[in-house]
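Here are the chains, one letter per residue:
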Amino acid sequence: MKKLLFTLGATLFATVALFAQEKEQPKQIIAVKGQCEMCKKRIEKAALDVKGVRSVDWSVADQQLTVYLNPKKTTGKEVQEAIAKAGHDTAEIKASEEAYNGLHSCCKYQR
Ligand SMILES: [Cu+2]
């Protein structure tokens, strides 16, 4: 009985994991706040440094990052965490006060 329950649990877990993986899209468009070309470099570098990210493009005008990633290796959330660490607010993750204050004065976007 115990073994059966374990098998059921493992199967359920695998199904959920698979579902979560399927939900992660290889192309994602994420809102990221920034101000200038320097921000663009910083945002794109932070995103590209995440393992599994293939290519990125951030637009100053749209305040949006287009990212192509390998869903088996990373997630949009992970990319956002890396960008927030670099000082830029994203759709789901806000940069810490410290990270924001570390930005160049011309890069301090409106929050
Ligand atoms: Cu800037």
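Residues numbered from 1 in each chain as written. Predicted model: local features only at pLDDT ≥ 70, side-chain atom pairs only at ≥ 80, totals over all residues. Heavy atoms only, no water.

Novice: Please explain the overall build of the protein chain as it appears in this structure.
Specialist: Scanning the protein chain from N- to C-terminus turns up four helices and three strands. Ordered by position from N to C terminus, the α and β elements of the protein chain give α-β-α-β-β-α-α. Residues counted as buried form 34% of the 111 residues belonging to the protein chain. When contacts within the protein chain are restricted to residue pairs at least 6 apart in sequence, those whose partners lie at least 24 apart make up 50%. When the accessible surface of the protein chain is summed, it comes to about 7,400 Å², and 58% of that surface belongs to carbon and sulfur atoms. (Helix = DSSP H or I, 4+ residues; strand = E, 2+ residues; numbered from the N terminus. Buried < 20%, exposed > 50% of the residue type's maximum accessible area, 1.4 Å probe, protein only. Contact = heavy atoms within 4.5 Å. Areas by Shrake-Rupley, 256 points an atom, 1.4 Å probe, with all protein chains shown as cover.)

Novice: Hey, could you run me through the pairing of strand 2 (residues 53–59) in this one?
Specialist: Within a regular strand, side chains alternate between the sheet's two faces. Pairing analysis gives six bridges linking strand 2 to strand 3 (residues 64–69), with the strands arranged antiparallel. In the strand pairing of strand 3, Val53 is matched with Leu69. Here strand 2 folds back onto strand 3, and the loop between the two strands holds four residues, one of which, Gln63, carries a positive phi near 55 degrees. (Pairing = 2+ DSSP bridges.)

Novice: What's the story with the pattern of salt bridges in this structure? I'm lost.
Specialist: A pair can form between side chains of opposite charge whenever their charged atoms are brought close. A full pass over the atoms with the stated rule returns five salt bridges. One salt bridge connects Asp49 with Lys45, and the closest N-O pair in it is separated by 2.8 Å. When the shortest N-O distance is used, the salt bridge between Arg111 and Asp89 registers 2.7 Å. Here the residue Arg111 occupies a position in the segment after helix 4 (97–101), and Asp89 occupies one in the loop between helix 3 (76–85) and helix 4, the gap between them amounting to 22 residues. One salt-bridge network, in which partners are shared between bridges, spans Lys40, Glu44 and Asp57. (Salt bridge = Lys/Arg side-chain N within 4 Å of Asp/Glu carboxyl O.)

Novice: How do you make sense of the packing of aromatic side chains when you look at a structure like this?
Specialist: Two measures describe an aromatic ring pair: the distance that separates the ring centres and the angle between the ring planes. Tallied over the full model, the rule gives one aromatic pair. On the basis of an interplanar angle of 85 degrees and a centroid distance of 5.1 Å, the ring pair of Tyr100 and Tyr109 is categorised as edge-to-face. Tyr109 shares its class with Tyr100; the two are buried. The side chain of Arg111 reaches across the aromatic face of Tyr100, ending 4.3 Å from its centre. (Phe/Tyr/Trp six-rings, centres within 6.5 Å; stacked < 30°, edge-to-face > 60°. Lys NZ or Arg CZ within 6 Å of the ring centre and 35° of its normal.)

Novice: Looking at this structure, how should I read the coordination of the copper ion?
Specialist: For a metal bound by four donors in tetrahedral geometry, the ideal donor-metal-donor angle is 109.5 degrees, whereas six donors in octahedral geometry ideally sit at 90 or 180 degrees. Only Cys36 (SG), Cys39 (SG) and Cys107 (SG) from the protein coordinate the copper ion, and they sit 2.1 to 2.2 Å from it. In primary sequence terms, the donor set of the copper ion follows C-x2-C-x67-C. Residue Cys36 shares its accessibility class with Cys39, and that shared class is buried. (Donors = N, O, S within 2.8 Å, 3.2 Å for Na, K, Ca; no water.)

Novice: Where do I start with the sheet that holds strand 2 in this structure?
Specialist: The pairing of strands in a sheet comes from backbone hydrogen bonds and takes either a parallel or an antiparallel form. Strands sit in the order 1-3-2 across an open sheet of three strands; the sheet is antiparallel. A strand with exactly one partner marks an edge of an open sheet, and here the two such strands are strand 1 (27–31) and strand 2. The average undirected angle you get between the axes of adjacent strands in this sheet is 20 degrees. Where helix 2 (residues 37–48) meets the sheet, it contacts strand 2 and strand 3, and its direction lies at approximately 160 degrees from that of strand 2. In the packing of helix 3 onto the sheet, contacts are made with strand 1, strand 2 and strand 3, and the angle to strand 3 comes to roughly 130 degrees. (Axes fitted to C-alpha atoms, helices over the stretch in contact; angles between N-to-C directions.)

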